[in-house]
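Report on the structure
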Amino acid sequence: MARRTRDLRESEERFAALADAAPVFIWMSGPDKVCTWFNQQWLNFTGRTLAQELNNGWVQGVHPDDIDACLEIYNASFDRREPFRMDYRQRAANGEYRWLSDQAAPHYSPDGAFLGYIGTCTDITERRSAELPADAPYCCMWSRPALPLIRGVRLNSPQSMTQTFSLSPRSA
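These numbers were taken from a predicted model, which means no experiment stands behind them.

1. Focus on the pairing of strand β5 (residues 114-123)
Sheet topology places strand β1 (residues 25-29) next to β5; five bridges connect them, and they run antiparallel. Note that in β5 the partner of I26 across the bridge is T120. Across nine bridges, the pairing between strand β4 (residues 97-108) and β5 is antiparallel. Bridge pairing in β5 links S101 to T122. Where β4 folds back on β5, the antiparallel hairpin that results is connected by five residues, among which G112 adopts a positive phi of roughly 95 degrees.

Here is the structure:
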């Protein structure tokens, strides 16, 4: 029994070392939809402790414009026990919102019991910025649902933002 306990502990230590060194954010949830674990990369990214992120604490960092869709995808996929992929903005330790691509799949025990989800997140902020067309509305740089016209003015440049909102060129 002592050997089995030692082997299990060593296996858990290897997993933790691997997960913490991986260049992605990794999370796990239980069958009740609440998160039970985040790797060190996630904690470094958010600047929060494991205790702060557990349960539904991670939701506090989701951008307000993304939270409804994020939770809808999460909950619907969870209820159907289907893999999912979603992109949303999460607040980083420096206060900046970064785009994450979150992919997860249901996790089952060897006997088929549903255990929850295992997911990974990748920071895709630079990729999303590069994908924006050069003539995209200026306000869409944040990739939020944008109104391209305000009082008939197309917001597709710093100049149009300056004119529309009476900003000085230095603040645009």
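Anyway, onward from the coordinates.
2. So, the environment of S29
Tracing the backbone through its elements, the reader meets S29 in strand β1. Here the alpha-carbon distance between S29 and Y117, two residues 88 residues apart in the chain, equals 5.2 Å. With residues near it in sequence (within four places) discarded, S29 still touches V34, C35, T36, Y74, F78, L115, G116 and Y117.

3. A few points about the pattern of salt bridges
Across all of its chains, the model carries nine salt bridges by this definition. For R48, the salt bridge is made with E53, and the minimal N-O distance between the two is 2.2 Å. Note on R48: relative accessible area 22%, which makes it partly exposed. Put simply, R98 and E96 hold a salt bridge, and the shortest N to O gap is 3.2 Å. Ionic contacts of the salt-bridge type, sharing partners, join the residues E96, R98, D123 and E126 into one network.

Conventions and cut-offs
- Residues numbered from 1 in each chain as written.
- Predicted model: local features only at pLDDT ≥ 70, side-chain atom pairs only at ≥ 80, totals over all residues.
- Heavy atoms only, no water.
- Pairing = 2+ DSSP bridges.
- Helix = DSSP H or I, 4+ residues; strand = E, 2+ residues; numbered from the N terminus.
- Contact = heavy atoms within 4.5 Å.
- Salt bridge = Lys/Arg side-chain N within 4 Å of Asp/Glu carboxyl O.
- Buried < 20%, exposed > 50% of the residue type's maximum accessible area, 1.4 Å probe, protein only.

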